[in-house]
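Remarks on the overall topology
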Amino acid sequence: MDYQRERFRSAYHFWSLYKENYRKSVTGGVFLVIFWGAWLVNYVQLIQSLSGLILIVYLLLTGLFITWTAYFFSYIVHFERGVIPALTNALMLAVSHPISTAAVAGLHMALFYLSLGQLYLIASVGGSLVAYCGFFYFYQAVQKTIRVQHVRKEAKGEKSY
């Protein structure tokens with residue numbers, strides 16, 4: 001009888017955590033859909049009036065926001081934080097690691113450009129390749145940030161775990 005009760009308790013705990021993480025992901029996803037919708041509407045409305053330099057800045061910001069989106073979903077899945085801290089931390093990671101931000105944005109944009117003509121690429125490998133590349137650079141940025149924090153703590157004489 002204890003075995004069945006323990007299994008029920010474990011299953012209940014799993015589904016409650018699943019529901020909580022799902023709710024956070026959906027909340028963040030709704031925010032990002034609204035954000036990207038507004039960004040796209042601005043792009044469509046401004047494309048006729050943008051000059052060359054402003055268009056380049058707009059595309060650079062688009063790359064930053066693509067990376068921010070990829071980092072957000074990696075962050076919300078792998079860390080126990082709320083939606084707002086996950087959004088801000090993902091943005092700080094994207095801004096503070098410009099090389100990985102450029103790499104993620106470049107890979108995402110290149111894959112998007114390559115798959116415009118062949119829609120089967122998006123369905124077959126597009127999503128998984130984008131997720132893999134986004135998480136790879138996210139993991140590298142987080143590990144670098146953790147190493148820097150450990151070095152700073154050790155320099156102050158504090159224990160680093």
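Notes on the structure in this doc start here. (Residues numbered from 1 in each chain as written. Predicted model: local features only at pLDDT ≥ 70, side-chain atom pairs only at ≥ 80, totals over all residues. Heavy atoms only, no water.)

**Here's the deal with the overall build of the protein chain**
Cut-off, in case you're wondering: Every helix listed is a DSSP run of H or I at least four residues long, and every strand listed is a run of E at least two residues long, numbered separately from the N terminus. Between buried and exposed lies partly exposed: a residue is buried under 20% and exposed over 50% of the maximum accessible area for its type, with that area taken using a 1.4 Å probe on protein chains only. Whether two residues are in contact is decided by their heavy atoms: any pair within 4.5 Å suffices. For the area figures, the Shrake-Rupley method with a 1.4 Å probe applies, and any residue is considered shielded solely by the protein chains shown.
Scanning the protein chain from terminus to terminus reveals 5 helices and 0 strands. Written out in order from the N terminus, the α and β elements of the protein chain read α-α-α-α-α. The dimensions of the protein chain, computed from C-alpha atoms along their principal axes, are 70 × 45 × 25 Å. A buried classification covers 25% of the 161 residues belonging to the protein chain. Considering only intrachain contacts with a sequence separation of at least 6, the fraction spanning at least 24 residues in the protein chain is 64%. Taken as a whole, the protein chain presents about 11,600 Å² of accessible surface, with 70% of it coming from carbon and sulfur.

**Details of the layout of surface pockets**
To be explicit about the condition: Both site types are read off a 1 Å grid over the protein atoms alone. A 1.4 Å probe that fits but cannot get out defines a cavity, while an open set with protein on both sides within 12 Å along at least five of seven lines defines a pocket; lining residues have an atom within 4 Å of a point. Grid points are joined across faces, edges and corners, and a volume is the space filled by probe spheres set on the points.
In this model, the largest pocket occupies a volume close to 700 Å³. Lining the largest pocket are 22 residues, and of these T62, I66, H108, M109 and F112 lie nearest its centre. The set of elements that each furnish at least two residues to the lining of the largest pocket consists of helix 1 (2-46), helix 2 (52-78), helix 4 (98-114) and helix 5 (119-156). Looking at the lining of the largest pocket element by element, the count peaks at 7 residues for helix 2. Lining the second largest pocket are Y75, F79, N89, M92, L93, S96, H97, V142, T145, I146 and Q149. The set of elements that each furnish at least two residues to the lining of the second largest pocket consists of helix 3 (83-96) and helix 5.

**Notes on the pattern of salt bridges**
Defined as follows: A pair is scored as a salt bridge if a Lys or Arg side-chain nitrogen falls within 4 Å of a carboxyl oxygen belonging to Asp or Glu.
Applying the stated criterion to the full structure yields 1 salt bridge. Where E80 meets K24, a salt bridge forms, and the shortest distance between an N and an O atom there is 3.9 Å. Of this pair, E80 sits in the loop between helix 2 and helix 3 while K24 sits in helix 1, and the two are 56 residues apart along the sequence. K24 gets classed as buried once you look at its relative accessible area, which sits at 11%.

**A few points about the nonpolar core**
Note the cut-off: As used in this record, nonpolar core signifies buried Ala, Val, Leu, Ile, Met, Phe, Trp, Tyr and Cys residues forming a set joined through side-chain atoms within 4.5 Å.
Membership of the largest hydrophobic core comes to 20 residues, with the highest contact counts inside it found for W68, Y71, F72, L87, L93 and F138. Put simply, the parts of the chain that give this core at least two residues each are helix 1, helix 2, helix 3 and helix 5. With 8 residues, the single largest contributor to this core is helix 2. Leave out the neighbours within four places in its chain, and F72 touches G28, G29, L32, V83, A86, L87 and A90.

These results come straight from atomic positions and should not be treated as a statement about function.
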